[in-house]
Amino acid sequence: MSAASPHKKKHGASAPEAAGSAFVEIHRRGLMLVLSSPSGAGKTSISRALLARDPLLQMSVSATTRPKRPGEVPGVDYHFVSPDEFNLMVNRGEFLEYAKVFGNYYGTPRGPVEAALSGGRDVLFDIDWQGTQQLEASAPKDLVTVFILPPSTRELERRLHSRAQDSHEEVAKRMAKAADELSHWPEYHYVLVNHELEKTIPQVEAILQAERLRRERQLGLHEFVKALREGQ
Ligand SMILES: Nc1ncnc2c1ncn2[C@@H]1O[C@H](COP(=O)(O)OP(=O)(O)OP(=O)(O)O)[C@@H](O)[C@H]1O
Ligand SMILES: Nc1nc2c(ncn2[C@@H]2O[C@H](COP(=O)(O)O)[C@@H](O)[C@H]2O)c(=O)[nH]1
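Residues numbered from 1 in each chain as written. Chains lettered and ligands numbered in written order. Predicted model: local features only at pLDDT ≥ 70, side-chain atom pairs only at ≥ 80, totals over all residues. Heavy atoms only, no water.

As recorded by an unreviewed UniProt entry, the protein carries the name Guanylate kinase and is attributed to Hypericibacter adhaerens. If you open the UniProt record of the protein and go to Function (unreviewed entry), you find "Essential for recycling GMP and indirectly, cGMP." (UniProt positions renumbered as here; feature names shortened; annotations may be inferred.)

Right under this line is the structure:
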């Protein structure tokens, strides 16, 4: 197709033109891609790989009252806040969703997500089933949810220990909750078993690529096809 083709699709910052004119823009509202799993199944590892490979994807950085782990960077991994600060944010309506997980509070700041979606960028969430249920209630059309299963309970425990960032008590607390968290898999659109990251990462990428092409997410299709049917 030549640059002068009347069917040329324009993306990103190019100026939209009126529907039915020679050039009709197809653009897209961003989507929210949620990863949930029992602690240690691999959400953080998968998220890092997706973000490194996909410039249209940005991470939702949660606020949490949990203490920072060694190596975690404030503002990158989490916004680490006190319980009082967290309460203030709740009262000011600053969270899209929030929940108590393993004895600490975690919440998704609303502003960056809304800005990304309206700018056509996709947002990746590493949140638990309680947060996913809240997003499902408030923004079902923008939501794509993926539940990550570990290959076995023994491997889940091995991964939690191998991360070497939580105490034995903390690992025991998370393992004790795993069965309960696993019970939520039927609430998700997609379910994967994370055997090897080399296989799981392309599977999640495939979900993202397909969901981006859903008819409902592509804005301007009616006008584009109308122009095609008029022979433009
Ligand atoms: N497919 C895999 N095979 C082997 N090890 C893995 C795999 N996926 C992740 N891991 C390792 O398991 C550990 C836990 O992974 P990760 O931190 O990504 O889990 P998580 O689901 O984000 O946990 P949490 O919910 O506690 O944040 C890490 O040490 C990670 O390197
Ligand atoms: N509902 C929410 N859950 C969240 C959020 N941020 C993280 N999480 C979940 O908490 C646990 C523990 O995380 P960790 O970093 O302490 O290991 C894990 O299941 C996360 O998915 C959030 O904003 N809302």
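Caption draft 1: Geometry of the site of ligand 2. Taken together, 17 residues surround ligand 2, and among them Arg66, Tyr78, Tyr106, Asp126 and Arg174 come closest. Take Thr108: an N or O atom from its side chain is 3.5 Å from an oxygen atom of ligand 2. For ligand 2, an oxygen atom lies 2.7 Å from a polar atom in the side chain of Arg174. Alone, ligand 2 offers 510 Å² of accessible surface; in the complex the protein occludes 96% of this. Looking at the shell around ligand 2, the elements that each hand over two or more residues are β6 (95–101) and β7 (104–109). Tallied by class, the residues present in the shell around ligand 2 amount to six nonpolar, four polar and seven charged. (Near = heavy atom within 4 Å. Polar contact = N/O pair within 3.5 Å; in protein donor to acceptor, adjacent residues only side chain to side chain. Areas by Shrake-Rupley, 256 points an atom, 1.4 Å probe, with all protein chains shown as cover. Helix = DSSP H or I, 4+ residues; strand = E, 2+ residues; numbered from the N terminus. Nonpolar A, V, L, I, M, F, W, Y, C, P; charged D, E, K, R; others polar.)

Caption draft 2: Quick peek at the pattern of salt bridges. If you walk through the whole model with that rule in mind, you get 21 salt bridges. Across the salt bridge formed by Glu94 and Arg92, the nearest N and O atoms sit 2.5 Å from each other. Put simply, Glu211 and Arg214 hold a salt bridge, and the shortest N to O gap is 3.4 Å. Residue classification places Arg214 among the partly exposed positions, given a relative accessible area of 38%. (Salt bridge = Lys/Arg side-chain N within 4 Å of Asp/Glu carboxyl O. Buried < 20%, exposed > 50% of the residue type's maximum accessible area, 1.4 Å probe, protein only.)

Caption draft 3: Structural detail: the sheet that holds β7. The strand order across the open sheet built from four strands is β5-β4-β7-β6, with neighbouring strands paired in mixed fashion. Of all the strands in the sheet, the pair left with one neighbour each is β5 (79–80) and β6. Of the strand pairs in this sheet, strand β4 (residues 63–64) and β5 are connected by two bridges, and their pairing is parallel. When the sheet's bridge partners are listed, Thr64 is paired in β5 with Phe80. Where helix α2 (residues 83–91) meets the sheet, it contacts β4, β6 and β7, and its direction lies at approximately 140° from that of β6. (Pairing = 2+ DSSP bridges. Contact = heavy atoms within 4.5 Å. Axes fitted to C-alpha atoms, helices over the stretch in contact; angles between N-to-C directions.)

Caption draft 4: Geometry of the UniProt feature "domain: Guanylate kinase-like" (unreviewed entry) in the protein. Following the UniProt record, one finds the feature "domain: Guanylate kinase-like" (unreviewed entry) at residues 30–209. Helix makes up 43% of residues 30–209 and strand makes up 23%, while its end C-alpha atoms are separated by 12 Å.

Caption draft 5: A look at the packing of helix α1 (residues 43–53) against helix α7 (residues 197–212). The geometry of α1 relative to α7 is characterised by a closest axis approach of 10 Å and an angle of 60° between their N-to-C directions. Viewed along their axes, α1 and α7 adopt a mutual orientation that is oblique. Handedness of the crossing formed by α1 with α7: right-handed. Here Ser45, Ile46, Ala49, Leu50 and Arg53 of α1 lie close against α7, whose contacting residues are Leu197, Thr200, Ile201, Val204 and Glu205. In terms of residue class, the contact of α1 with α7 is made up of six nonpolar, two polar and two charged. (Parallel < 35°, antiparallel > 145°, perpendicular 65-115°, else oblique. Left-handed = near helix turned anticlockwise from the far one by under 90°.)

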